[in-house]
Amino acid sequence: MEIQMIGTGSAFAKAFYNNNALIYAEGKTLLIDCGTTAPVALHRMGISLTEIDAILITHIHADHVGGLEELAYRYKFVHKIRPLFYIADTLVDTLWENSLKGGLEQDGILSLNEYFDVRPLREGAATELLPGLTAELLPTRHIPKKLSYSVLLNGTFFYTADMVFDGELLRRLVDERGVRTIFHDCQLQAPGVVHACLPELLTLPDDLQEKIRLMHYGDDQPEYVGRTGKMSFVEQQKRYVL
Ligand SMILES: O=c1ccn([C@@H]2O[C@H](COP(=O)(O)O)[C@@H](O)[C@H]2O)c(=O)[nH]1
Ligand SMILES: [Zn+2]
Ligand SMILES: [Zn+2]
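All figures in this text were calculated on a predicted structure; none of them were measured in a lab.

**Q** Would you explain the packing of helix α3 (residues 68-79) against helix α4 (residues 92-104) in this entry?
**A** The relative placement of two packed helices comes down to the angle between their axes together with the axis-to-axis distance. Across the interface, α3 lies against α4 with an axial gap of 10 Å and an inter-helix angle of 55°. Considering their axes alone, α3 and α4 lie oblique with respect to each other. Note that α3 runs across α4; the crossing there is right-handed. Residue-level contacts link Leu 68, Glu 69, Ala 72 and Tyr 73 of α3 to Leu 95, Leu 100, Gly 103 and Leu 104 of α4. When grouped by side-chain class, the residues that make up the contact of α3 with α4 number six nonpolar, one polar and one charged.

**Q** Just checking my understanding: could you explain the layout of surface pockets for this structure?
**A** In this approach a probe as big as a water molecule rolls over the atoms, and the regions it shows empty are the leftover space. Its volume calculated, the largest pocket comes out at about 290 Å³. For the largest pocket, the lining is made up of 18 residues, of which Ser 10, Ala 11, Phe 12, Gln 187 and His 195 are closest to its centre.

**Q** Would you take a moment to explain the coordination of the zinc ion (ligand 2) for this structure?
**A** For a metal bound by four donors in tetrahedral geometry, the ideal donor-metal-donor angle is 109.5 degrees, whereas six donors in octahedral geometry ideally sit at 90 or 180 degrees. At the metal site, the zinc ion (ligand 2) is ligated by Asp 63 (OD), His 64 (NE2), Asp 162 (OD) and His 216 (NE2), and these contacts range over 2.1 to 2.3 Å. Read from N- to C-terminus, the donor residues coordinating the zinc ion (ligand 2) fall into the pattern D-H-x97-D-x53-H. A gap of 3.7 Å separates the zinc ion (ligand 2) and the zinc ion (ligand 3), which Asp 162 links by coordinating each metal. Each member of the pair, Asp 63 as well as His 64, carries the same accessibility label: buried.

**Q** So what exactly am I meant to see when it comes to the UniProt feature "domain: Metallo-beta-lactamase" (unreviewed entry) in the chain here?
**A** Sequence positions flagged by UniProt for "domain: Metallo-beta-lactamase" (unreviewed entry) are, in local numbering, residues 17-216. Along residues 17-216 one finds 28% helix and 26% strand; the C-alpha atoms at either end are 9 Å apart.

**Q** Hey, could you run me through the packing of aromatic side chains in this one?
**A** Geometry of an aromatic ring pair is reported as the spacing of the ring centres plus the angle between the planes. Applying the stated criterion across every chain yields a total of nine aromatic pairs. For the pair Phe 183 and Tyr 240, a centre-to-centre distance of 5.8 Å together with 85° between the ring planes defines the contact as edge-to-face. Placement of the pair is Phe 183 in strand β11 (residues 181-185) and Tyr 240 in strand β14 (residues 239-241), with a sequence separation of 57 residues. There is no split in this pair, since Phe 183 and Tyr 240 are both buried. In this structure an aromatic cluster arises from ring pairing among Phe 157, Tyr 159, Phe 183 and Tyr 240. The positively charged end of Lys 76 is found above the aromatic ring belonging to Phe 77, 5.9 Å away from the centroid.

**Q** So what exactly am I meant to see when it comes to the side chain of Asn 20 here?
**A** Inspection of the secondary structure puts Asn 20 in the loop between β1 (2-5) and β2 (21-25). Its relative accessible area of 0% is what places Asn 20 among the buried residues. Here the side chain of Asn 20 touches Asp 63 through a polar contact of 3.0 Å, landing on its backbone oxygen.

**Q** How should I be thinking about the sheet that holds strand β8 (residues 133-139) in this particular structure?
**A** Two orientations exist for strands paired in a sheet by backbone hydrogen bonds: parallel and antiparallel. Taking strand neighbours across the sheet as the criterion, the seven strands line up as β7-β8-β9-β10-β11-β12-β13 in an open arrangement whose pairing is mixed. The sheet is open, and its two edges are formed by β7 (127-130) and β13 (232-233), each paired on a single side. Inspection of the sheet shows β11 paired to strand β12 (residues 212-215) by four bridges, in the parallel sense. Each residue of the ladder has a partner; that of Asp 185, found in β12, is Met 215.

**Q** Help me out: how do you make sense of the environment of Val 92 in this one?
**A** In this fold, Val 92 is placed in helix α4. Residue Val 92 is classed as buried on the basis of its relative accessible area, which comes to 18%. In contact with Val 92, not counting residues within four places along its chain, are Ile 87, Val 118 and Pro 120.

**Q** Help me understand the pattern of salt bridges, please; the structure alone is not making it clear to me.
**A** Once their charged atoms are close, side chains differing in charge can pair, the charge on each being opposite to the other. Applying the stated criterion to the full structure yields eight salt bridges. The salt bridge partner of Glu 2 is Arg 239, with a shortest N-O separation of 2.8 Å. Here Glu 2, found in strand β1, pairs with Arg 239, found in strand β14; they are 237 residues apart in sequence, far enough to count as distant. We classify Glu 2 as partly exposed; its relative accessible area is 25%. Between Asp 207 and Arg 171 there is a salt bridge, with its nearest N and O atoms 2.9 Å apart. Separated by 36 residues along the polypeptide, Asp 207 in helix α7 (residues 206-209) and Arg 171 in helix α5 (residues 167-177) bring together distant segments of the chain. In this structure Arg 171 comes out as partly exposed when scored by relative accessible area, which is 26%. Bridged by salt links that share partners, the residues Arg 171, Asp 175 and Asp 207 form one connected network.

How each quantity is defined
Residues numbered from 1 in each chain as written. Chains lettered and ligands numbered in written order. Predicted model: local features only at pLDDT ≥ 70, side-chain atom pairs only at ≥ 80, totals over all residues. Heavy atoms only, no water. Axes fitted to C-alpha atoms, helices over the stretch in contact; angles between N-to-C directions. Helix = DSSP H or I, 4+ residues; strand = E, 2+ residues; numbered from the N terminus. Parallel < 35°, antiparallel > 145°, perpendicular 65-115°, else oblique. Left-handed = near helix turned anticlockwise from the far one by under 90°. Contact = heavy atoms within 4.5 Å. Nonpolar A, V, L, I, M, F, W, Y, C, P; charged D, E, K, R; others polar. 1 Å grid on protein atoms, 1.4 Å probe; cavity = no way out; pocket = protein on both sides within 12 Å on 5 of 7 lines; lining within 4 Å. Points joined across faces, edges and corners; volume = space filled by probe spheres on them. Donors = N, O, S within 2.8 Å, 3.2 Å for Na, K, Ca; no water. Buried < 20%, exposed > 50% of the residue type's maximum accessible area, 1.4 Å probe, protein only. UniProt positions renumbered as here; feature names shortened; annotations may be inferred. Phe/Tyr/Trp six-rings, centres within 6.5 Å; stacked < 30°, edge-to-face > 60°. Lys NZ or Arg CZ within 6 Å of the ring centre and 35° of its normal. Polar contact = N/O pair within 3.5 Å; in protein donor to acceptor, adjacent residues only side chain to side chain. Pairing = 2+ DSSP bridges. Salt bridge = Lys/Arg side-chain N within 4 Å of Asp/Glu carboxyl O.

Listed below in C-alpha cells is the structure:
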C-alpha cells in the first residue's frame with residue numbers, strides 16, 4: 001500500500017492544495033476526500049479521473065467535499081462511469097441534502113447514487129474497499145456536534161481526517177491495534193480548537209511521535225521545518241510506502 005497526498009494544506013492554505021490523498025493498493029486507487037482544489041491538483045499531477053477506482057469521504061467540509069460536484073459531472077457525462085463511493089452511513093443524507101443537491105439535482109437525477117455507486121460504511125466495521133485495501137471508520141472529535149471520521153487502513157495505517165488532539169486514542173491504536181504509521185492533521189499554532197495543534201502533538205512520547213507525519217498544515221509550514229520533534233511533515237505529492 002502506498003499513499004500520495006494530492007495536497008497537504010489546511011482549509012485556508014494557498015501554497016498547498018486541500019488535504020486529500022490517493023491510496024494505491026494492488027493496482028487500484030482510492031481517493032480520500034475531494035476538496036475544492038482536488039480537481040486542479042489531480043489535473044496538474046496528470047492523473048485522470050478514470051485512474052481513480054473509489055472515493056472515500058471523511059467529513060463534510062469544503063476542503064474535503066468541495067470538488068465532488070465537478071467530479072460527479074465529469075464521471076457521469078464525460079467518462080460515463082459511476083465509481084465506488086464510500087462514506088459513513090450517518091453522512092450520506094447530509095452530503096446530498098446539505099452540500100451537493102443544489103448543484104447536482106436535475107430533471108431525472110434525484111440522488112447521489114445517479115453519479116456514484118454509493119456504499120455506506122458502518123463506523124467500527126472493517127470493510128474491503130478495493131482488493132487488498134480494508135478501511136475502518138473511527139468517529140473522531142473535530143467540530144462540536146459535527147460527525148467526522150478518521151480511517152484505519154489495512155489495520156496498520158491511521159489517517160486522521162480532521163480531529164482534535166487525542167493522545168489516548170493514538171496510544172491505544174499503536175499498543176492495541178498494531179498501528180505503525182499515522183498521518184495526522186496539524187494546526188501549527190496553538191490553540192488547536194478543532195484540530196490537533198503542534199504544541200499538543202509535541203507532548204506525545206517519542207515512540208508515538210516517531211510514527212507520526214504531519215499534514216493539513218498552513219502556509220507558514222516552512223517556518224516549522226526542524227521544529228516538530230520526532231515527527232516529520234508529509235510532502236505534498238510525494239509517494240510514501242506504508
Ligand atoms: O468552530 C469552528 C469551525 C471552523 N473553524 C475554522 O474553519 C476551518 C474549517 O476547515 P477544516 O477543514 O475543518 O480545517 C478550521 O480549520 C478552522 O480554521 C474554526 O476555527 N472553528
Ligand atoms: Zn480540513
Ligand atoms: Zn474539517
